[in-house]
Amino acid sequence: MSNVKIFKHLQTGQTKIISTKFSFIAFFFPLLWLLFNGIWGLFFVFSFFAWGGSLLFAAAGNSNDIGLIWLIFIVIAIFQLSMRIYLGKNASKLKEEKLISKGFIETNTIAH
């Protein structure tokens, strides 16, 4: 069973609905999801590690040390997977924090 949270801005009357279930969009497209939702801090952290990891992997690719290449690949893969799981699980919480910072308040929670 998942919940839906309803947020309302008191001055403008604008209403936003947020689902609290796992976000597959945030999991499969983390950079686009962060960019679209304006969560800049995590966007830059994720971008830095994604590009930095790619550059590190490319630099290690010029080496003949297969062990080093595999180690870098595994570290990058673990980081990417853990960050994607974090975003998927916490997408609704991150959206809630963003809305609250913009002046929205939670008005209702609906279980379905």
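Everything numeric here is computed off the predicted structure, so don't read it as measured data. Numbering of residues begins from 1 in every chain and follows the order in which that chain's sequence is written. Reporting of local features is limited, given that this is a predicted model, to residues whose pLDDT is at least 70; pairs of side-chain atoms are given and counted only at 80 or more, and all residues count toward the totals for whole chains, interfaces and linings. Hydrogens and waters are ignored; side-chain quantities use all the structure's heavy atoms.

## A short note on the sheet that holds strand E1 (residues 3-9)
Here is step 1: Here, a strand pair is defined by DSSP locating no fewer than two bridges between the strands. By the criteria applied, helices consist of DSSP H or I runs no shorter than four residues and strands consist of E runs no shorter than two, each listed in order from the N terminus. The strand order E2-E1-E3 describes an open sheet built from three strands, whose pairing is antiparallel. Across the chains shown, the open sheet's two edge strands, defined by having one partner strand only, are strand E2 (15-19) and strand E3 (104-111). Strand-to-strand twist across the sheet, computed as the mean angle between neighbouring axes with direction ignored, equals 25°.
Here is step 2: Where E1 and E3 come together, seven bridges link them in antiparallel fashion. Interaxial angles span 0 to 180 degrees and are taken between N-to-C directions of axes, which are lines fitted to C-alpha atoms, for helices over the stretch in contact.

## Examining the nonpolar core
Here is step 1: Among buried residues, those of type Ala, Val, Leu, Ile, Met, Phe, Trp, Tyr and Cys that are joined through side-chain atoms within 4.5 Å constitute a nonpolar core. Burial status follows relative accessibility: with a 1.4 Å probe on protein chains alone, a residue under 20% of its type maximum counts as buried, one over 50% as exposed, and anything between as partly exposed. Counting ten residues, the largest nonpolar core consists of Ala-26, Trp-33, Leu-34, Ile-39, Phe-43, Phe-46, Met-83, Leu-87, Ala-91 and Leu-94.
Here is step 2: Listing elements by their share of this core, those giving two or more residues are helix H2 (30-37), helix H3 (40-61) and helix H4 (66-101).
Here is step 3: Those residues in contact with Trp-33 that lie beyond four places of it in its chain are Ser-23, Ile-25, Ala-26, Ile-39, Leu-87, Ala-91, Leu-94 and Lys-95. By definition in these notes, contact holds between two residues if any of their heavy atoms fall within 4.5 Å.

## What about the confidence of the model for the chain?
Here is step 1: When pLDDT is averaged across the chain, the result is 88; 98% of the residues are at 70 or more.
Here is step 2: For the chain, H3 is the element with the lowest average pLDDT, namely 82, and helix H1 (residues 24-28) is the one with the highest, namely 96. Per-residue confidence from the predictor is given as pLDDT, running between 0 and 100.

## Quick look at a nonpolar patch on the surface
Here is step 1: Patch definition: residues above 30% relative accessible area lacking any salt bridge, with like charges linked at up to 9 Å and the nonpolar side chains Val, Leu, Ile, Met, Phe, Trp and Tyr linked at up to 5 Å. Note on areas: Shrake-Rupley with a 1.4 Å probe; residue coverage comes only from the protein chains shown. By convention in these notes, a salt bridge is any Lys or Arg side-chain nitrogen within 4 Å of a carboxyl oxygen on Asp or Glu. Taken together, the side chains of Phe-22, Phe-24, Ile-25, Phe-28, Phe-29, Leu-32, Leu-35, Trp-40 and Phe-44 define a hydrophobic patch exposed on the protein surface, amounting to about 990 Å² of accessible area.
Here is step 2: Secondary-structure elements contributing two or more residues to the nonpolar patch are H1, H2 and H3.
Here is step 3: The dominant element in the nonpolar patch, judged by the number of residues it contributes, is H1, at three residues.
Here is step 4: By the secondary structure assignment, Leu-35 is in helix H2.

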